[in-house]
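Structural overview for review
One-letter residues, chain by chain:
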Amino acid sequence: MNIDLSGKRVIITGASRGIGRAIARAFARDGARVAICARDPQAVAETGKELESSAAAVIARSVDVTDTAAVQAFVAEIAEAWGGVDVLVNNAGQGKGGNLDTLTPEDILAHANVLQMGHFRFVQAVVPFMRRQRWGRIIEINALAGVVPTPEGIPSVINRASCVALSKSLGMSLPKDNILVNSLNMGWIDTGQWDRHFKEMGPGVTREEFDEMVMKVVPLGRYGRPEDVAGMALFLASDYANFISGASIDIAGGMGGQIAYFPTLKRDFTESIRQRRENAAQD
Ligand code: NAP
């Protein structure tokens, strides 16, 4: 299979690191013009500089996906510079934990503003340009927790479910303009996000122990690599995917319903670490 994306005009949100950066690198290697954004101006500029060695052209800007005017200005700049937009990869975001005892409604709304409203803002900004050329591909980076609810992590569960629903709805309404929309639902992909989860465990836990606990719910027995996501993004942007819209594809190493058991697993692990620390303090 030879995927050729030469000259395609591609926007990837949240591409300064992790999954977004891996997708941007893959599009750049395939000859696309790549526009990336994230909040940290230095990090996004560094990634943009790196992409210049392979991409046909690069635009890298500091944009917060919660800022409607900034999103519209970014997309308008790209469309003006390159004459349109072909592909949007809506990736920016992060998971958020919590339950009924720990969350406020405002916590959940703030997370929703980044996730489903961030996705919505970018779709609304790119679609007029895609309609004009009667061609567009929108790839929504979502989470397995939006497809299989878990008993903790309420913001991720409900906000991601809403994102997946948005992808499916757009995947039905936009094909009449030859704009195809699909959702990729992440399992556990090894990025800085997992380094942060590990550090939250505090001292006295090794990364090996933590990973062993996490892998109990992943049939393939390893984290996904950001590059494992990039292949499917390239495929969905290519002519091989001309008749696919409204699809919801899990990239999760075989994990499905097992994800619902993860909060229990993590709570038991945290408790065993707490006991180990207590025993060590008594000795
Ligand atoms: P990551 O390494 O933390 O990278 C997130 C990217 O999004 C960064 O470039 C970050 O840059 C940007 N970003 C965050 N908030 C933003 C905002 N408000 N406006 C603009 N950019 C923003 O995360 P990742 O693991 O690659 O995850 C990528 C996507 O997959 C996220 O939506 C995440 O929730 C989802 N996902 C990941 C996993 C996993 O296991 N890794 C699992 C499920 C879902 P700045 O901080 O500088 O803005």
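The name given to the protein in an unreviewed UniProt entry is NAD(P)-dependent dehydrogenase, short-chain alcohol dehydrogenase family, and the organism recorded there is Halopseudomonas litoralis. Within the UniProt record for the protein, the comment given under Sequence similarities (unreviewed entry) is "Belongs to the short-chain dehydrogenases/reductases (SDR) family."

1. Some words on the site of the ligand
Every one of the 30 residues lining the ligand counts as a neighbour, but Ser-16, Arg-39, Arg-160, Thr-191 and Trp-194 are closest to it. Between the ligand and the protein, one listed contact pairs an oxygen atom with a side-chain N or O atom of Arg-17 at 3.2 Å. The side chain of Thr-191 places a nitrogen or oxygen atom 2.6 Å from an oxygen atom of the ligand. Protein burial of the ligand: of its 870 Å² of free accessible surface, 96% is covered by the chains. For the shell around the ligand, the elements supplying multiple residues, two or more each, are α1 (18-29), β5 (136-143) and α7 (192-199). For the shell around the ligand, the residue count by class is 13 nonpolar, 11 polar and 6 charged.

2. Description of the nonpolar core
If you look at the biggest cluster of nonpolar residues, it comprises 34 residues, and the most contacted ones within it are Ile-12, Ile-23, Phe-27, Val-34, Ile-139 and Val-229. Those elements that provide at least two residues to this core are β1 (9-13), α1, β2 (33-38), α2 (41-51), β4 (87-90), β5, β6 (179-186) and α9 (226-237). Ignoring anything within four residues of it in the chain, the contact list for Ile-139 reads Val-87, Leu-88, Val-89, Asn-90, Asn-182, Leu-184, Ala-233, Leu-236 and Ala-237.

Reading guide: rules and limits
- Residues numbered from 1 in each chain as written.
- Predicted model: local features only at pLDDT ≥ 70, side-chain atom pairs only at ≥ 80, totals over all residues.
- Heavy atoms only, no water.
- UniProt positions renumbered as here; feature names shortened; annotations may be inferred.
- Near = heavy atom within 4 Å.
- Polar contact = N/O pair within 3.5 Å; in protein donor to acceptor, adjacent residues only side chain to side chain.
- Areas by Shrake-Rupley, 256 points an atom, 1.4 Å probe, with all protein chains shown as cover.
- Helix = DSSP H or I, 4+ residues; strand = E, 2+ residues; numbered from the N terminus.
- Nonpolar A, V, L, I, M, F, W, Y, C, P; charged D, E, K, R; others polar.
- Core = buried A, V, L, I, M, F, W, Y, C linked by side-chain atoms within 4.5 Å.
- Buried < 20%, exposed > 50% of the residue type's maximum accessible area, 1.4 Å probe, protein only.
- Contact = heavy atoms within 4.5 Å.

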